[in-house]
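Report on the structure
As a plain string of letters, each chain reads:
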Amino acid sequence: MAHPLDGVQLKCERARCHLNTLKAQFDAFTRDAFRIRHDIKDHGREHVYRIVRLKKPRPEWGPIIGDCLGNAESALDCLAYQLAVLHTGRLTPNLARDIRFPVYPSPSAFWNNLPRLRPIGPGLVAPLERLQPYHGARGPDNHWLMILKRLANLDKHRMLRTTGYRFGGTAHYKPDSLVDASFPTGPLKLGALLARIVLDAPNPEMNVEPRFTVHVAFKDTPLAEGIDIWTVLNTICIRVEAVVEEFQPLFG
């Protein structure tokens, strides 16, 4: 016999399937995202490493990210629908059309829209209210539920774009004459500075063999620059699965 949450679970699994696809492709991209040129200045006192060749992010990542977000969001909406069916026994077409998992940025917005939760029943208002983004430690905009809603809405109107992003680095070899070593962060661009090494004594033969941390980030979204896409999507999938698990006992 089919379980009421079978569709919800399938959507969660589909979201994670897209996430796994992205993980494999992102890993392949970051392993070979760019080529480096090592410039030696001031007779060997300064060593600069820049990007001279660059791979472009694959445009098909945008729709895959959108599919992951869409399935995660739909899983929550399907959960809300099944909670309403559990409470009412049968939904009228009008009520069924308006059922959504509640996501609000403030307490006033949640309580002002309380009539929308009427089909779900008063017994679940408190559990749903506790999940709201305004309870987040870093504010509603940084809560996973609000991030999911904003990105999913953005994807409905335009394709999500990606960019390679460098996130610092390390020097494998550190000479005794080292004065300063900097590893700037930022989007991967041709000519971008990856590392600058300053020595006290000239050493034109030196190569510190720098290593760089690179990941695929969102481009032109409401999120802060440089946010790792896979980390965001993985967090969303984990949280959605946890919410479904929280309500699952209600269905026996």
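Structure report, in brief. (Residues numbered from 1 in each chain as written. Predicted model: local features only at pLDDT ≥ 70, side-chain atom pairs only at ≥ 80, totals over all residues. Heavy atoms only, no water.)

**Quick notes on the side chain of Gln-25**
Tracing the sequence through the fold places Gln-25 in helix α1 (residues 6–31). There is a polar contact of 3.4 Å between the side chain of Gln-25 and the side chain of Arg-58. (Helix = DSSP H or I, 4+ residues; strand = E, 2+ residues; numbered from the N terminus. Polar contact = N/O pair within 3.5 Å; in protein donor to acceptor, adjacent residues only side chain to side chain.)

**Some details on the sheet that holds strand β7 (residues 210–219)**
Pairing is antiparallel in the open sheet, where three strands are placed in the order β5-β3-β7. Looking at strand neighbours, the two that pair on one side only are β5 (186–187) and β7, the edges of this open sheet. Note that strand β3 (residues 161–171) and β7 share nine bridges and pair antiparallel. Residue pairing across strands places Gly-169 opposite Phe-212, the latter belonging to β7. Packing of α1 onto the sheet brings it into contact with β3 and β7, and relative to β7 it is tilted by some 135 degrees. (Pairing = 2+ DSSP bridges. Contact = heavy atoms within 4.5 Å. Axes fitted to C-alpha atoms, helices over the stretch in contact; angles between N-to-C directions.)

**Let's talk about unusual backbone geometry**
Although it is not a glycine, His-43 adopts a positive phi angle of roughly 60 degrees. As for its position among the elements, His-43 is in the loop between β1 (34–41) and β2 (46–54). Classification of His-43 by relative accessible area gives exposed; the value is 67%. For Glu-209, which is not glycine, the phi dihedral falls at a positive 50 degrees. The partly exposed category is assigned to Glu-209, whose relative accessible area is 37%. (Buried < 20%, exposed > 50% of the residue type's maximum accessible area, 1.4 Å probe, protein only.)

**Digging into the packing of helix α2 (residues 61–88) against helix α6 (residues 144–157)**
Two numbers describe how α2 lies on α6: the axes approach to 9 Å, and their chain directions differ by 125 degrees. Judged by the angle between their axes, α2 and α6 are oblique. Judged by the twist between their axes, the crossing of α2 over α6 is left-handed. Seen from α2, the contacting residues are Gly-62, Gly-66, Leu-69, Ala-72, Glu-73 and Leu-76; seen from α6, they are Trp-144, Leu-145, Leu-148, Lys-149, Leu-151, Ala-152, Asn-153, Asp-155 and Lys-156. (Parallel < 35°, antiparallel > 145°, perpendicular 65-115°, else oblique. Left-handed = near helix turned anticlockwise from the far one by under 90°.)

**Remarks on the environment of Val-244**
Tracing the sequence through the fold places Val-244 in helix α7 (residues 229–247). Residues contacting Val-244, with those up to four places away along its chain left out, are Leu-5, Val-8, Gln-9, Cys-12 and Leu-79.

**With respect to α7**
Side chains that are three or four residues apart share a direction in an α-helix, a result of its 3.6 residues per turn. End to end, α7 covers 28 Å across 19 residues, agreeing with the expected 27 Å (1.5 Å per residue, within 8%). Taken as a whole, α7 has its buried residues at Ile-229, Val-232, Leu-233, Asn-234, Ile-236, Cys-237, Val-240, Val-243, Val-244 and Phe-247. In this structure, the buried residues of α7 make contact with α1, α2, α5 (125–130), α6, β3 and β7. (Expected span 1.5 Å × (residues − 1).)

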